[in-house]
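Chain residues, written in single-letter form:
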Amino acid sequence: MSTNTPASASAPAPLHWKLEIDAADPHTQADFWAAALHYEAEDNSALVERLLSFGALPGQATVEYHGRPAFRDLIAVRHPDDPYDPDTGTGLGRRLLFQRVPEAKTVKNRLHIDVHAGDGRRADEVARLRALGARVLREVKEPGGEWVLMADPEDNEFCVV
């Protein structure tokens, strides 16, 4: 058996994924991260309205978000260039999904986002993110690199590199 088989002939297709982030206020987190990453909040209003009309979703499970109906306990942001399902508004590419949880963050993140500002732009990006509601935890300068450790509005840590 040859080990030089073309990937398309035998390898499975890459998996679609999203990063889910627990939040006390998913919509505020979505607004922050959409602005921070220049992403778009998903518009699931057509799906929400369809589920409401079928009786499959109770009204109390929805909120108004930017003038349209949305799920109360979850909202995603997606890269504006990535595909999405026009029937549901759900992104089919790079996404962050914020889901409401009752408990607050209590320990260090096991996973975090690195925001790549680009050469010579770190200070400007840190200032922009601070204006959006993030705060600087510390500036790191090590032989392996430099970055700024920040926290989003719910204290989830991320780095600006």
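Residues numbered from 1 in each chain as written. Predicted model: local features only at pLDDT ≥ 70, side-chain atom pairs only at ≥ 80, totals over all residues. Heavy atoms only, no water.

Judged by nonpolar contacts, the single largest core of 23 residues is most densely connected at W33, F98, L129, M150 and F158. Elements with a contribution of two residues or more to this core: α2 (26-37), β5 (74-78), β6 (95-100), β7 (113-115), α4 (122-132), β9 (145-151) and β10 (157-160). It is α2 that provides the largest number of residues to this core, a total of 5 residues. In this view, F98 contacts I21, P26, Q29, A30, W33, D73, L74, I75 and V77; residues no more than four positions away in its chain are not counted. (Core = buried A, V, L, I, M, F, W, Y, C linked by side-chain atoms within 4.5 Å. Buried < 20%, exposed > 50% of the residue type's maximum accessible area, 1.4 Å probe, protein only. Helix = DSSP H or I, 4+ residues; strand = E, 2+ residues; numbered from the N terminus. Contact = heavy atoms within 4.5 Å.)

Let's shift gears to α2. The periodicity of an α-helix, 3.6 residues per turn, causes residues three or four positions apart to be oriented the same way. Spanning 12 residues, α2 covers 16 Å between terminal C-alpha atoms, matching the ideal 16 Å at 1.5 Å per step. Those residues of α2 that fall on the buried side of the exposure criterion are P26, H27, Q29, A30, F32, W33, A34 and A36. Positive phi appears at H38, one or two residues downstream of α2, with a value of about 60 degrees. (Expected span 1.5 Å × (residues − 1).)

Before going further, it helps to examine the pairing of β5. Judged by how many residues are buried, β5 sits mostly within the fold: 4 of 5 residues are covered. Both strand β2 (residues 40-41) and β5 contribute to a ladder of 2 bridges, which runs antiparallel. The residue bridging E40 from the neighbouring strand is R78, located in β5. Both β5 and β6 contribute to a ladder of 5 bridges, which runs antiparallel. Across the sheet, V77 pairs through a bridge with L96, a residue of β6. (Pairing = 2+ DSSP bridges.)

So, about unusual backbone geometry. Positioned with a positive phi, H38 is a non-glycine residue whose angle comes to about 60 degrees. Inspection of the secondary structure puts H38 in the loop between α2 and β2. By relative accessible area, which is 54% here, H38 ends up exposed.

A separate point is the sheet that holds β7. The strand order across the open sheet built from 4 strands is β7-β10-β9-β8, with neighbouring strands paired in mixed fashion. Of all strands in the sheet, those bounded by a partner on one side alone are β7 and β8 (135-142). Each strand of the sheet is rotated relative to its neighbour by a mean of 25 degrees, with strand direction disregarded. Alignment of β8 against β9, held across 7 bridges, turns out to be antiparallel. Bridging from a neighbouring strand, E142 pairs with G145 of β9. (Axes fitted to C-alpha atoms, helices over the stretch in contact; angles between N-to-C directions.)

Time to look at the side chain of E42. Among the secondary structure elements, E42 is positioned in the loop between β2 and α3 (45-54). At 2.7 Å, the side chain of E42 forms a polar contact with the backbone nitrogen of G91. The residues touching E42, leaving out its near neighbours within four places in the chain, are R68, I75, A76, V77, R78, G89, T90, G91 and R95. (Polar contact = N/O pair within 3.5 Å; in protein donor to acceptor, adjacent residues only side chain to side chain.)

The analysis is restricted to geometry; functional conclusions fall outside its scope.
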